[in-house]
Amino acid sequence: PHIALSKTYTVNAMTPDSAGTMTAMMTGIKTDQGLIGVDETITRGSCLEGDAGKVTSFASIAKALGKKVAIVSTARLTHATPAAVYAHSSDRDFEDDSQLPADCAQPDIAQQLINKMLSHEVDVALGGGRRHFIDQTTIDEEGQAGNRSDGKNLIALARDNGIQYVWDPTTLAAVDYTKPILGLFESSHM
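First, a word on scope: everything that follows refers to the structure included in this document. (Residues numbered from 1 in each chain as written. Predicted model: local features only at pLDDT ≥ 70, side-chain atom pairs only at ≥ 80, totals over all residues. Heavy atoms only, no water.)

## Side note on the sheet that holds strand β2 (residues 124-128)
One open sheet accounts for four strands, arranged β1-β2-β4-β3; its pairing is parallel. The two strands at the open ends of the sheet, each matched to only one other strand, are β1 (70-76) and β3 (164-166). Within this sheet the neighbouring strands show an average axis-to-axis angle of 10°, counted without direction. Two elements, β1 and β2, share four bridges in a ladder whose sense is parallel. Within the sheet, the bridge partner assigned to valine 72 lies in β2 and is leucine 126. Packed onto the sheet, helix α4 (residues 109-118) meets β1, β2 and β4 (181-184) and runs at close to 155° relative to β4. (Pairing = 2+ DSSP bridges. Helix = DSSP H or I, 4+ residues; strand = E, 2+ residues; numbered from the N terminus. Axes fitted to C-alpha atoms, helices over the stretch in contact; angles between N-to-C directions. Contact = heavy atoms within 4.5 Å.)

## Some points on the side chain of aspartate 91
Along the polypeptide, aspartate 91 turns up in the loop between α3 (80-83) and α4. Among the residues examined, aspartate 91 registers a relative accessible area of 10% and is labelled buried. Within the structure, the side chain of aspartate 91 is placed 3.3 Å from the side chain of arginine 44, a separation counted as a polar contact. (Buried < 20%, exposed > 50% of the residue type's maximum accessible area, 1.4 Å probe, protein only. Polar contact = N/O pair within 3.5 Å; in protein donor to acceptor, adjacent residues only side chain to side chain.)

## Some points on the packing of aromatic side chains
Considering all chains together, one arrives at zero aromatic pairs under this definition. One residue, lysine 30, lies across the ring of tyrosine 9, its end atom 4.1 Å from the ring centre. (Phe/Tyr/Trp six-rings, centres within 6.5 Å; stacked < 30°, edge-to-face > 60°. Lys NZ or Arg CZ within 6 Å of the ring centre and 35° of its normal.)

## Observations concerning α4
Most of α4 sits inside the fold, with eight of its 10 residues counted as buried. Within the span of α4, buried status applies to Ile109, Ala110, Gln111, Gln112, Leu113, Ile114, Lys116 and Met117. Those residues of α4 hidden inside the fold are in contact with β1, α3, β2, α5 (154-160) and β4. With a side-chain oxygen lying 3.2 Å from the backbone nitrogen of alanine 110, the N-terminal cap of α4 falls on aspartate 108. Positive backbone phi, approximately 65°, marks histidine 120, located one or two places after α4.

## Let's talk about the environment of alanine 110
Following the sequence through the fold, alanine 110 ends up in helix α4. Note: C-alpha distance between alanine 110 and arginine 76 (34 residues apart in sequence) is 9.9 Å. With residues up to four places along the chain from it excluded, the contact list for alanine 110 reads Thr78, Glu95, His132, Phe133, Arg148 and Leu154.

Next up, the structure:
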């Protein structure tokens with residue numbers, strides 16, 4: 001006796017990508033293909049300036065209500081779907097600084113996750129994508145180099161600021177669940 005329809009499209013396309021659809025799910029605002037956490041007024045690939053176009057995520061609302069926020073994904077944590085929980089980016093491909101336009105002050109998606117964890121807006125983040133958190137000269141626990149071109153090691157920054165870092169079942173089993181946790185289990189997707 002009942003029927004429901006769901007239309008999953010972005011403002012500029014009938015066949016959506018996960019950046020636009022997850023932004024819509026997390027904010028209630030439809031946007032263009034490739035945009036994360038911003039409305040359709042933003043040009044894809046531009047450098048975000050201030051709060052222009054940024055939309056509020058359900059995760060931010062939940063955090064303001066005293067809830068915990070966790071992101072668990074088998075994709076890279078910087079990939080469009082998990083990133084829409086916490087990030088504001090004019091391009092889903094800005095996973096680390098190496099893809100940002102020249103002279104762009106907008107933080108890349110990996111940096112935004114660490115910033116959200118440092119400000120206690122994200123409590124737990126578990127997934128893949130380790131390469132976007134370490135620079136090109138750093139070799140990870142599994143022998144892979146990072147992608148960052150800015151020389152930053154965001155994993156070390158997180159650790160230095162009290163965030164527990166895990167990368168395999170052994171380190172995950174040893175965590176204190178009362179403290180923030182960053183789990184990066186693969187260089188790319190899991």
